[in-house]
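# Notes for the structure review
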Amino acid sequence: MSSFIIYQLMYIILDALNDENKNENLVMFLTDANPYMRDGENSVDTVIYNDFKNKLSNYKDKNDYCYNFICQYLKKLDYYNGIYEIFKSIIKQQYIDTCDDIIKNDYDKLKHF
C-alpha cells in the first residue's frame, strides 16, 4: 500500500475525529496537510507529506495500516500539539476496521498520485 494512501487514511480519520473534538491544532493540521488540495505532486504543505513519506519508508510493519507509525509520527508533531491524543482516542482495532471499510466501500475517496 502506498504511503499516499496511508496518509489519506490518516487524514480521513483525523477529519472525522475533528468533528467530535473541535481542536484548534487539529483544524490547523487538517488545513495544512489536506491531501485533497493538491496541485500535481504538491500538497498544500509539501513539507508535511514529504516528512510523513520519508519517515514511513523506514517503517516495516504496514499490516495494520501503519497505526503504530501514525501514533509515533503524530506524537512528535510539536507544532500541532495535542493531535496525538485525539488520534489515540480511536483504538487500534477500530482504526483498522475503519481503514478496511474505507478501502472496501469508499475506495474512490482515495486519490492515487
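Please refer to the structure higher up on the page.
So, here is what we can say about the structure in this document. Residue indices begin from 1 for each chain and proceed along its sequence in written order. Local features in this predicted model are restricted to residues of pLDDT 70 or higher, and side-chain atom pairs are both shown and tallied only at a pLDDT of 80 or more, whereas totals for entire chains, interfaces and linings draw on every residue. The side-chain values count all of the structure's non-hydrogen atoms but skip hydrogen atoms and water molecules.

Another aspect to go through is the side chain of Ser3. Each helix corresponds to a stretch of at least 4 residues labelled H or I by DSSP, and each strand to a stretch of at least 2 residues labelled E; elements are numbered beginning at the N terminus. Considering the arrangement of structural elements, one finds Ser3 in helix α1 (residues 3–21). Two N or O atoms form a polar contact when they lie within 3.5 Å of each other; inside protein one atom must be a possible hydrogen donor and the other a possible acceptor, and for residues adjacent in sequence the pair counts only when both atoms belong to side chains. There is a polar contact of 3.0 Å between the side chain of Ser3 and the side chain of Tyr49.

Note on ring pairs: Phe, Tyr and Trp rings are taken, using the six-membered ring of Trp, and paired if centres are within 6.5 Å. Classes follow the plane angle, with under 30 degrees stacked, over 60 edge-to-face and the rest tilted. In the structure shown here, the tally under the stated rule is 14 aromatic pairs. For the ring pair Tyr7 and Phe52, a centre distance of 5.1 Å and an interplane angle of 65 degrees mean the geometry is edge-to-face. Residue Tyr7 is located in helix α1, and its partner Phe52 is located in helix α3 (residues 46–56); the two are separated by 45 residues in the primary sequence. Burial here depends on accessible area, computed with a 1.4 Å probe over protein chains only, as a share of the maximum for the residue type. Under 20% is buried, over 50% is exposed, and the range in between is partly exposed. A residue is classified by how much of its surface remains accessible, and Tyr7, at 1% relative accessible area, is buried. On the basis of an interplanar angle of 50 degrees and a centroid distance of 5.3 Å, the ring pair of Tyr67 and Tyr95 is categorised as tilted. Of this pair, Tyr67 sits in helix α4 (residues 67–75) while Tyr95 sits in helix α6 (residues 92–105), and the two are 28 residues apart along the sequence. Look at Tyr67 and you get buried, because its relative accessible area is 3%. Put simply, the rings of Phe4, Tyr7, Tyr49, Phe52, Tyr59, Phe69 and Tyr73 touch in pairs and so form one group of aromatic residues.

On to the pattern of salt bridges. Note on definitions: salt bridges are taken to be side-chain nitrogens of Lys or Arg within 4 Å of carboxyl oxygens of Asp or Glu. Overall, the coordinates contain two salt bridges when judged by the stated rule. As a salt-bridge pair, Lys55 and Asp51 come within 3.2 Å of each other at their nearest N and O atoms. Separated by four residues within a single helix, Lys55 and Asp51 lie in helix α3, roughly one turn from each other. Note that Asp64 is salt-bridged to Lys92, the shortest N-O span being 3.1 Å. Of the two residues, Asp64 is situated in the loop between α3 and α4 and Lys92 in helix α6; the sequence distance between them amounts to 28 residues. For Lys92, a relative accessible area of 31% gives the class partly exposed.

It is worth spelling out the side chain of Gln8 at this point. Its place among the elements puts Gln8 in helix α1. What makes Gln8 buried here is its relative accessible area of 0%. Of the polar contacts made by the side chain of Gln8, one reaches the side chain of Tyr36; its length is 3.4 Å. Throughout, a residue-residue contact means that at least one pair of heavy atoms, one from each residue, lies within 4.5 Å. Apart from residues no more than four positions distant in its own chain, Gln8 is found in contact with Pro35, Tyr36, Lys109, Leu110 and Lys111.

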